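Now for the letters of each chain:
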Amino acid sequence: MLELALLKMNRCGTAEECREAIAEVLFLLKERKLERLKVAFGVLE
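Reference entry: report on the structure contained in this document. (Residues numbered from 1 in each chain as written. Predicted model: local features only at pLDDT ≥ 70, side-chain atom pairs only at ≥ 80, totals over all residues. Heavy atoms only, no water.)

1. As for the overall build of the protein chain
A tally of regular secondary structure across the protein chain gives 2 helices and 0 strands. Expressed as lengths along the three principal axes of its C-alpha atoms, the size of the protein chain is roughly 45 × 15 × 10 Å. Looking at the protein chain residue by residue over its 45 residues, the buried ones come to 13%. Charge centroids of the protein chain, computed over 8 positive and 8 negative side chains, lie 5 Å from each other. (Helix = DSSP H or I, 4+ residues; strand = E, 2+ residues; numbered from the N terminus. Buried < 20%, exposed > 50% of the residue type's maximum accessible area, 1.4 Å probe, protein only. Lys, Arg positive; Asp, Glu negative; His and termini not counted. Charge placed at Lys NZ, Arg CZ, Asp CG, Glu CD.)

2. Quick word on the pattern of salt bridges
In this structure the tally under the stated criterion is 3 salt bridges. Linking Glu16 and Arg19 is a salt bridge whose minimum nitrogen-to-oxygen distance equals 3.1 Å. Note that Glu16 and Arg19 are positioned in helix 2 (residues 15-41) at a spacing of 3 residues, about one turn of the helix. Given the relative accessible area of 51%, Arg19 is considered exposed. A salt bridge links Glu35 to Lys38; the shortest N-O distance between them is 4.0 Å. Separated by 3 residues within a single helix, Glu35 and Lys38 lie in helix 2, roughly one turn from each other. Judged by its relative accessible area of 16%, Lys38 falls in the buried class. (Salt bridge = Lys/Arg side-chain N within 4 Å of Asp/Glu carboxyl O.)

3. Here's the deal with the environment of Cys18
By secondary structure assignment, the location of Cys18 is in helix 2. Those residues in contact with Cys18 that lie beyond four places of it in its chain are Met9 and Cys12. (Contact = heavy atoms within 4.5 Å.)

4. What about the state of the cysteines?
Across all of its chains, the model carries 0 disulfides by this definition. Here Cys12 is not cross-linked by a disulfide; its sulfur's nearest cysteine counterpart is in Cys18, at 3.0 Å. Given a relative accessible area of 19%, Cys12 falls into the buried group. (Disulfide = S-S within 2.5 Å.)

Note that all results are geometric; they support no functional claim without further evidence.
Encoded structure:
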């Protein structure tokens with residue numbers, strides 16, 4: 001995930017673009033963790 005964040009940050013032209021890129025990576029990380037927890041506890045949506 002860190003590599004993805006760094007790749008996205010390399011394309012940023014402004015601080016705002018970098019903040020948006022990092023927010024996107026953090027959202028993806030959160031989603032992955034949530035999916036792992038659902039699988040671990042056998043929770044289905």
